[in-house]
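Architecture at a glance
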Amino acid sequence: MATVLLVEDDPSILRGLEMNLKIDGLRVLSATDGVAAVRAARAAMPDLIILDLGLPSMDGFDVLREVRKDDPDVPILVLSARASEAEKVLGLSLGADDYVTKPFGLAELLARVRALLRRTRRREADAVVAFGPVSIDVVARVVRVNNEPVEVTALEFDLLRYLTDQPMRAVTREQIMQAVWGAGHAGTPRTVDNFIARLRSKIGDDPADPKFIETVRGVGYRFNPG
Ligand code: CA
């Protein structure tokens, strides 16, 4: 059973949401001010946090910062009457995963909660990806070859994850750039090739006859878990 930490100082919203989350099969903990929220997040390590921004004792944005410092992975859904774009952007840049403005539709909120929880469960299920002598600890972001940690940069790690996330699927260099470098990147297809070459050498994949990161002629690359 997944645990949700519900942070809300409005008693009627708190009660209503608490009831509906429980009906949805979730365990619900609640906090009605910011300091209590940070404490509860630390102590209970919930699977999801629903966070109001206007809170007594500590602003929701500060709660968000504090919680993210301790736990980079817990999904946080901000639920706020602050509907300006600037505040949404700030919330998301501080590490919120979703932002719902009040007044909100209950069905939509519950659907978003379920979506965030599904994402976490998938992440936990895939916490270690292993192929040949290679293992990737997704949570710790550590790559090991024959149990020895190998140094990879953040981009190399993201690239490796992108490929291993979709085994046996050919992806183009453009798709890789979009997904790993993001929109507005300055890279060229050649950049991708250079990164692939480095990754292959780091995971011990023979560039002349790669077993794991295969070249798909005229297309791009394909991860083959073997
Ligand atoms: Ca409030």
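Scope of this entry: the structure provided in the associated data block. No experiment lies behind these values; they were computed from the predicted model shown.

Reading the values: the criteria
- Residues numbered from 1 in each chain as written.
- Predicted model: local features only at pLDDT ≥ 70, side-chain atom pairs only at ≥ 80, totals over all residues.
- Heavy atoms only, no water.
- Helix = DSSP H or I, 4+ residues; strand = E, 2+ residues; numbered from the N terminus.
- Buried < 20%, exposed > 50% of the residue type's maximum accessible area, 1.4 Å probe, protein only.
- Areas by Shrake-Rupley, 256 points an atom, 1.4 Å probe, with all protein chains shown as cover.
- Lys, Arg positive; Asp, Glu negative; His and termini not counted.
- Charge placed at Lys NZ, Arg CZ, Asp CG, Glu CD.
- Contact = heavy atoms within 4.5 Å.
- Donors = N, O, S within 2.8 Å, 3.2 Å for Na, K, Ca; no water.
- Pairing = 2+ DSSP bridges.
- Axes fitted to C-alpha atoms, helices over the stretch in contact; angles between N-to-C directions.
- Parallel < 35°, antiparallel > 145°, perpendicular 65-115°, else oblique.
- Nonpolar A, V, L, I, M, F, W, Y, C, P; charged D, E, K, R; others polar.

Regarding its fold elements, the protein chain presents eight helices and 12 strands. The buried share of the protein chain, taken over its 226 residues, is 42%. Just so you have it, the protein chain exposes about 11,600 Å², and 52% of that area is on carbon and sulfur atoms. With 30 positive and 33 negative side-chain charges, the protein chain shows a separation of 3 Å between the mean positions of the two kinds.

Here the focus is the side chain of S135. For S135, the location among the structural elements is in strand β7 (residues 134–137). Relative accessible area serves as the criterion here: at 19%, S135 is assigned to the buried category. Beyond its immediate chain neighbours, meaning those up to four positions away, S135 contacts V128, V129, A130, V142, V143 and R144.

Further remarks concern the coordination of the calcium ion. Listed as protein donors to the calcium ion are D9 (OD), D52 (OD) and G54 (O); their distances from the metal cover 2.2 to 2.4 Å. Taken in chain order, the donor set of the calcium ion reads D-x42-D-x1-G. Linking D9 in the loop between β1 (3–7) and α1 (11–23) with G54 in the loop between β3 (48–52) and α3 (60–70), this pair joins segments that are 45 residues apart in sequence. The exposure class assigned to D9 is partly exposed, which follows from its relative accessible area of 33%.

Here the focus is the sheet that holds β7. The sheet built from four strands is open, its strands ordered β6-β7-β8-β9 with antiparallel pairing. Looking along the sheet, the strands with just one partner apiece sit at the ends: β6 (128–131) and β9 (148–150). Each adjacent strand pair in this sheet contributes to an overall mean axis angle of 25 degrees, direction not counted. Looking at chain direction, strand β8 (residues 142–145) and β9 are connected through three bridges and run antiparallel. Across the sheet, R144 pairs through a bridge with P149, a residue of β9. Packed onto the sheet, helix α6 (residues 154–164) meets β6, β7 and β8 and runs at close to 105 degrees relative to β7.

Another aspect to go through is the pairing of strand β12 (residues 220–223). Across three bridges, strand β10 (residues 170–172) lies against β12 in antiparallel orientation. Of the residues in β12, the one forming a bridge with V171 is Y221. By the bridge criterion, four bridges tie strand β11 (residues 213–216) to β12 in an arrangement that is antiparallel. Directly across from V216, in β12, lies its bridge partner G220. Between β11 and β12, which pair antiparallel one after the other, the connecting turn spans three residues, and G218 there sits at a positive phi close to 75 degrees.

As defined by bridge partners, β6 adjoins β7 across four bridges and the pair is classed as antiparallel. Across the sheet, the residue bridging to F131 is V134, located in β7. Hairpin connection of β7 to β8: four residues between the antiparallel strands, including R141 at a positive phi of 55 degrees.

Another point: the packing of helix α7 (residues 173–181) against helix α8 (residues 189–202). Each pair of packed helices can be described by the angle between their axes along with the distance between the axes. Across the interface, α7 lies against α8 with an axial gap of 9 Å and an inter-helix angle of 80 degrees. It follows from the interaxial angle that α7 and α8 lie roughly perpendicular. Contacts from R173, E174, I176, M177 and W181 of α7 reach α8 at P189, T191, V192, D193 and F195. In terms of residue class, the contact of α7 with α8 is made up of six nonpolar, one polar and three charged.

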